[in-house]
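Next come the chains, spelled out residue by residue.
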Amino acid sequence: EAQVTQNPRYLITVTGKKLTVTCSQNMNHEYMSWYRQDPGLGLRQIYYSMNVEVTDKGDVPEGYKVSRKEKRNFPLILESPSPNQTSLYFCASSRRTGLNTEAFFGQGTRLTVV
Amino acid sequence: AQTVTQSQPEMSVQEAETVTLSCTYDTSESDYYLFWYKQPPSRQMILVIRQEAYKQQNATENRFSVNFQKAAKSFSLKISDSQLGDAAMYFCAYRSAQGAQKLVFGQGTRLTINP
């Protein structure tokens, strides 16, 4: 089954304690990205990757890091989380080019930073 | 930069009735795609319908259809014969046909279905 898998689904952490949210896709997609969802703001892109070892900032990259060492994995790293990073996070993947490159989303990770 | 605006934070409709969710966008591009996503309480993002900007014909998917007005930069979603399972947050999204596959989302509209 084609899918994007995020872990964990829920996470409560304390300010300053480094954490990683994992994302893996089994569709051999080149393009992967991270979004955060906040009430009244919709989803905003944090970082994206066009392929292995190619990453770039999205609209709200401050406080986040990513890496793309393998095509299937695209972890999101918060090295020193702060309360304003409390949010719902989504990983998504798609083919890089093409007419109907549908984006596939993970199940979401609800992060609370206290 | 492109922007997407959903001006209705909440909508409600009686079961079996029809409801229309509004979406406007701003872009200087001529070639792009537009999408409506549904997010039920499970948080899963589900693609409801898509529209290619170069197609004049409005997209339809069963009870879901869009009214795409390119000149007005408007992309509304009509849900016919509303069902309880349609209750969800709905997001309108834009994607350029060039470059990266970035989706630009609106703020969302929470749809309630009244039995």
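Please refer to the structure higher up on the page.
Notes on the structure in this doc start here. (Residues numbered from 1 in each chain as written. Chains lettered and ligands numbered in written order. Predicted model: local features only at pLDDT ≥ 70, side-chain atom pairs only at ≥ 80, totals over all residues. Heavy atoms only, no water.)

Focus on the overall build of chain B
Looking only at helices and strands, chain B has zero helices and 12 strands in total. Radius of gyration (C-alpha) of chain B: 14 Å, near the 13 Å computed for a compact globule of 115 residues. With the C-alpha coordinates of chain B rotated into their principal frame, the extents come out at 45 × 25 × 20 Å. Partitioning the intrachain contacts of chain B with sequence separation of at least 6 by distance along the chain shows that 55% fall at a separation of at least 24. For chain B, the centre of its 11 positive side-chain charges and the centre of its 10 negative side-chain charges are spaced 6 Å apart. (Helix = DSSP H or I, 4+ residues; strand = E, 2+ residues; numbered from the N terminus. Rg over C-alpha atoms; globule rule 2.2 N^0.38 Å. Contact = heavy atoms within 4.5 Å. Lys, Arg positive; Asp, Glu negative; His and termini not counted. Charge placed at Lys NZ, Arg CZ, Asp CG, Glu CD.)

Remarks on unusual backbone geometry
For the peptide bond that leads from Asn-7 of chain A to Pro-8 of chain A, omega is -5 degrees, which places it in the cis range. One non-glycine residue, Ala-16 of chain B, lies in positive phi territory at about 80 degrees. For Ala-16 of chain B, the position within the fold is in the loop between β2 (10-14) and β3 (19-21). What makes Ala-16 of chain B partly exposed here is its relative accessible area of 46%. (Buried < 20%, exposed > 50% of the residue type's maximum accessible area, 1.4 Å probe, protein only.)

Focus: the state of the cysteines
Scanning the entire structure with this criterion turns up two disulfides over all chains. Covalently, Cys-23 of chain A is tied to Cys-91 of chain A through a disulfide, its sulfur atoms 1.9 Å apart. When the S-S torsion is -70 degrees, as for the bridge of Cys-23 of chain A with Cys-91 of chain A, the disulfide is left-handed. Residue Cys-23 of chain A is located in strand β3 (residues 19-25), and its partner Cys-91 of chain A is located in strand β9 (residues 87-94); the two are separated by 68 residues in the primary sequence. Both residues of the pair, Cys-23 of chain A and Cys-91 of chain A, count as buried. Two residues, Cys-23 of chain B and Cys-92 of chain B, share a disulfide whose sulfurs are 2.0 Å apart. Sign of the S-S torsion, about -70 degrees for the bond between Cys-23 of chain B and Cys-92 of chain B, identifies this disulfide as left-handed. Placement of Cys-23 of chain B in the loop between β3 and β4 (24-26) and of Cys-92 of chain B in strand β10 (residues 88-96) is noted, with a sequence separation of 69 residues between them. Owing to a relative accessible area of 1%, Cys-23 of chain B belongs among the buried residues under this scheme. (Disulfide = S-S within 2.5 Å.)

Here we look at the pattern of salt bridges
Evaluation of the coordinates by the stated rule reveals eight salt bridges over all chains. Two residues, Glu-102 of chain A and Arg-50 of chain B, come together in a salt bridge whose shortest N-O distance is 3.8 Å. Of this pair, Glu-102 of chain A sits in the loop between β9 and β10 (104-105) while Arg-50 of chain B sits in strand β6 (residues 46-52), on two different chains. Taking the shortest distance from any N to any O, the salt bridge between Asp-86 of chain B and Arg-63 of chain B comes out at 2.8 Å. You can see Asp-86 of chain B sitting in the loop between β9 (74-79) and β10 and its partner Arg-63 of chain B sitting in the loop between β7 (60-61) and β8 (64-69), a full 23 residues away along the chain. The pair formed by Asp-86 of chain B and Arg-63 of chain B is uniform in burial state, with each residue classed as buried. Through salt bridges that share partners, Arg-36, Asp-38 and Arg-44 of chain A make up one connected network. (Salt bridge = Lys/Arg side-chain N within 4 Å of Asp/Glu carboxyl O.)

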